[in-house]
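Single-letter residue listing:
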Amino acid sequence: MAMNTSSNGGGGRGRRRGSRRAPMADINVTPFVDVMLVLLIIFMVTAPLLVTGVPVELPESRANALDQKDEPIQIAIDRDGVTFIDGTEVAPAELAARLEEIAAAQTPNAPRQIMLRGDTAISYGQMMRVMGELNRAGLNSVSLVTTGSANDS
C-alpha cells in the first residue's frame, strides 16, 4: 500500500512545478568511507618504514623502566658482534673516536644517557669491550636495555 505525503491531496498528479521534495534524513557515508580507506592504505604503507633499528634479541629482566628527559644515545651490538650507534654501523677501530665525540658534547651537569643493547647471542667479552670504551670516553651514565620478563604479574 502506498501513501501520498503531498499536501495537495491530488495523488501526485496535481503537483505544482515549484514544489520541492522533503529533505532527506539519511547521511551519505560513502565519501567518509572513501577517505577512511585511503588513510588506512597510507598508514599500512608508512608504518613499516617508521620502525628502524638493529634487530637485537634482548635478555629479560624484572627491572622498571627509567624516566628520562633527553633522548638517549642508542648503542646496539647485534648477533654478529657489529656495533651500531643510533642505528649507524661503527667499525671497531672507529668506536673510541665516536664515543669521545659524544663525550665532548656533554656537560658535567647533564651527562648523556647511553642505552646499551646487546644481543643474547654475543659473548660477555664483546659487551664488556663496548662498556670499557664507554667508561674510557667518560660516558658513565649507561643503562643496559632488556625486555620485560614473561614471569611478571
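The preceding data block contains the structure.
Computed from a predicted structure; not experimentally measured.

1. Focus on helix 3 (residues 124–137)
- The first and last C-alpha atoms of helix 3 sit 20 Å apart over 14 residues, in line with the 20 Å expected at 1.5 Å per residue.
- Regarding helix 3, the residues found buried are Met-127, Val-130, Leu-134 and Ala-137. Seen along its axis, helix 3 keeps its buried residues to an arc of 95°; they face one direction. Of the residues in helix 3, the exposed ones pointing more than 90 degrees away from the buried face are Tyr-124, Asn-135 and Arg-136.
- Summarising the contacts, the buried residues of helix 3 are in contact with strand 2 (73–77), strand 3 (83–85), helix 2 (92–105), strand 5 (114–118) and strand 6 (142–144).
- Note on helix 3: the residue one or two positions beyond its end, Gly-138, has a positive phi of about 95°.

2. As for the pairing of strand 5
- By the criterion of burial, strand 5 is predominantly enclosed, with four of the five residues buried.
- As defined by bridge partners, strand 2 adjoins strand 5 across five bridges and the pair is classed as parallel. Counterpart to Ile-73 in the pairing with strand 5 is Ile-114.
- Sheet topology places strand 5 next to strand 6; three bridges connect them, and they run parallel. From the neighbouring strand, Leu-116 faces strand 6, where its bridge partner is Leu-144.
- What joins strand 5 to strand 6 is helix 3, and the crossover it makes is right-handed.

Cut-offs used in this document
- Residues numbered from 1 in each chain as written.
- Predicted model: local features only at pLDDT ≥ 70, side-chain atom pairs only at ≥ 80, totals over all residues.
- Heavy atoms only, no water.
- Helix = DSSP H or I, 4+ residues; strand = E, 2+ residues; numbered from the N terminus.
- Expected span 1.5 Å × (residues − 1).
- Buried < 20%, exposed > 50% of the residue type's maximum accessible area, 1.4 Å probe, protein only.
- Arc of directions from axis to C-beta.
- Contact = heavy atoms within 4.5 Å.
- Pairing = 2+ DSSP bridges.
- Right-handed = clockwise from strand over helix to strand, strands pointing away.

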